[in-house]
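# Architecture at a glance
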Amino acid sequence: MNKIDLRSDTVTKPTPAMREAMAKAEVGDDVYIEDPTVNHLQERAAELFGFEAALFVPTGTMGNQICVRLHTDLGTEVILDARAHIYNWELGSLAAISGVVPRLIATRDGHPTWDEIAAVIAPPVYYRARTALVCLENTHNMHGGTVCEATRVHEICEKAHEKALKVHIDGARIFNAAAALDTPVRELVKGADSVMFCLSKGLGAPVGSIMCGSREFIEKARVVRKMLGGGLRQVGVLAAAGMIALEDGPAWIAEDHANARRLAEGLSQLDGIGIDAASVKTNIVIFSVEKLGFTAAEFVERLAGAGVLAGAVSAHEVRFVTHHDVSTADCDRAVEIVGERRR
Ligand SMILES: *Cc1c(COP(=O)(O)O)cnc(C)c1O
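Note that the structure is a prediction, hence the values are computed from the model and not measured.

The next point concerns a nonpolar patch on the surface. Judged by side-chain polarity, Val-223, Met-227 and Leu-228 come together as a nonpolar surface patch covering roughly 290 Å² of accessible area. Mapping Met-227 onto the fold places it in helix 10 (residues 215–227).

Right under this line is the structure:
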């Protein structure tokens, strides 16, 4: 029986159209900035996001960390939500690559208000680490794909800039936020100094992320990318798939969200499963198995035995992520299997 893979939206395989585009892609050496396909993808991304320039990076982690590196100095502070990907799932890169200190805010839904941010900005005295950067995450992965509205982003950017802070948006799933809020991505990032988004998640590309910023910022980013070993050569084969992801992917996302809602509603009918179905707004469904007396890792193993792959995101929380390669029927089957594996 086919496995139903709900571990992440990164597991999608390239579509036939992507394979074809990859095979036919016009390529050149991108370290010499001579790959026409990646140049085209970068220009299109910059235009869609309302930035001067954009840069293809092999992973979202590299994109985020290049941005942090460029927006900070050694020994400065970065304000983040306590469950931010940049802090929790990108190793110690903040320290190892940028030499910065995270200043964490425990928020309700992953999206700090300006007041919460303002409260932890270091006072401007020489014996305190200077606050350099605020990182936002939209949608917020570990808070279950929650979304941050454009007005909140705009307020934070404006007030952060008044205090000479930079703002970076980890928009790995910004297209999911855009779909849920019915707001164009460029509106959701307006005012930010940089954004990173993933082609390889809900948009369905096999590899790649894009970072956007000013022209000057992206020229500096190219240098740091090379330093980190991310200077790619005939990357047009990946950019060709990325281009299809960027143009066609956003249209798939509504279906992923409908499937996630359906999963959440199904799970909420099962005794012992802890979930607030109404809070599921995008493609991530996190539920607790604490009342069943299992750890998340134990429950994930039970599900895997029945052909449903999930992730354990905390001691008792299990995560399902919907994507282009799971159907509504797969989601219904996954709910059935959770029901069966509860005892
Ligand atoms: C997946 C993800 C990233 C980047 O991940 P890579 O696997 O390095 O591409 C960054 N931020 C968030 C919120 C993510 O979910």
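Neighbouring the ligand are 13 residues; Gly-60, Thr-61, Asp-170, Arg-173 and Lys-201 lie closest to it. Between the ligand and Thr-61, the relevant distance is 2.6 Å, taken from an oxygen atom to a side-chain nitrogen or oxygen of the residue. Between the ligand and Asn-141 there is a distance of 3.0 Å, counted from an oxygen atom to a side-chain nitrogen or oxygen. Of the residues that constitute the shell around the ligand, the class distribution is two nonpolar, six polar and five charged.

This next bit is on unusual backbone geometry. Working note: non-glycine residues mostly have negative phi, and peptide bonds are mostly trans. With an omega dihedral of 0 degrees, the bond running from Asn-138 to Thr-139 counts as a cis peptide bond. With respect to the secondary-structure elements, Thr-139 resides in the loop between strand 5 (131–137) and helix 7 (150–162). Located in the positive-phi region is Ile-33, a residue other than glycine, with phi close to 60 degrees. For Ile-33, the location among the structural elements is in the loop between helix 1 (16–24) and helix 2 (36–49).

Our focus in this paragraph is the sheet that holds strand 12 (residues 317–321). Strand order in the open sheet made by the three strands is 9-12-11, with antiparallel pairing throughout. Pairing within the sheet leaves two strands with one partner each, and these edge strands are strand 9 (284–288) and strand 11 (311–312). Judged from the five bridges that link them, strand 9 and strand 12 form a sheet pairing that is antiparallel. Among the inter-strand pairings, Ile-284 is bridged to a residue of strand 12, identified as Val-321. Lying over the sheet, helix 11 (residues 236–268) contacts strand 9 and strand 12, oriented at roughly 15 degrees with respect to strand 9.

This part takes up the packing of aromatic side chains. Applying the stated rule across the entire model yields six aromatic pairs. Ring centres 4.4 Å apart and planes at 10 degrees place the aromatic pair Phe-49 and Phe-197 in the stacked group. Within this pair, whereas Phe-49 is found in helix 2, its partner Phe-197 is found in strand 7 (residues 194–198), the two being separated by 148 residues in sequence. For Phe-197, a relative accessible area of 0% gives the class buried. Seen from their ring centres, Phe-294 and Phe-299 are 5.7 Å apart, and the 40 degrees between their planes marks the pair as tilted. Take Phe-294 and Phe-299: they sit in the same class, and that class is buried. Connected via pairs of aromatic rings, a cluster forms that spans Phe-49, Phe-175 and Phe-197.

Moving on, we get to the packing of helix 8 (residues 174–181) against helix 11. Remark: helix 8 packs on helix 11, axes separated minimally by 9 Å, with the N-to-C direction vectors making an angle of 60 degrees. In terms of axis orientation, helix 8 runs oblique to helix 11. Note on packing geometry: the crossing formed by helix 8 with helix 11 is right-handed. Here Phe-175, Asn-176, Ala-179 and Ala-180 of helix 8 lie close against helix 11, whose contacting residues are Leu-246, Pro-250, Ile-253 and His-257.

So, about the side chain of Asp-30. Among the secondary structure elements, Asp-30 is positioned in the loop between helix 1 and helix 2. In terms of polar contacts, Asp-30 uses its side chain to reach the side chain of Arg-225, at 3.4 Å. Apart from residues lying up to four places away in sequence, Asp-30 is in contact with Asp-35, Val-38, Asn-39, Arg-225, Leu-232, Arg-233 and Val-235.

Rules used in this analysis
Residues numbered from 1 in each chain as written. Predicted model: local features only at pLDDT ≥ 70, side-chain atom pairs only at ≥ 80, totals over all residues. Heavy atoms only, no water. Patch = residues over 30% accessible without salt bridge, like charges linked within 9 Å, V, L, I, M, F, W, Y side chains within 5 Å. Areas by Shrake-Rupley, 256 points an atom, 1.4 Å probe, with all protein chains shown as cover. Salt bridge = Lys/Arg side-chain N within 4 Å of Asp/Glu carboxyl O. Helix = DSSP H or I, 4+ residues; strand = E, 2+ residues; numbered from the N terminus. Near = heavy atom within 4 Å. Polar contact = N/O pair within 3.5 Å; in protein donor to acceptor, adjacent residues only side chain to side chain. Nonpolar A, V, L, I, M, F, W, Y, C, P; charged D, E, K, R; others polar. Pairing = 2+ DSSP bridges. Contact = heavy atoms within 4.5 Å. Axes fitted to C-alpha atoms, helices over the stretch in contact; angles between N-to-C directions. Phe/Tyr/Trp six-rings, centres within 6.5 Å; stacked < 30°, edge-to-face > 60°. Buried < 20%, exposed > 50% of the residue type's maximum accessible area, 1.4 Å probe, protein only. Parallel < 35°, antiparallel > 145°, perpendicular 65-115°, else oblique. Left-handed = near helix turned anticlockwise from the far one by under 90°.

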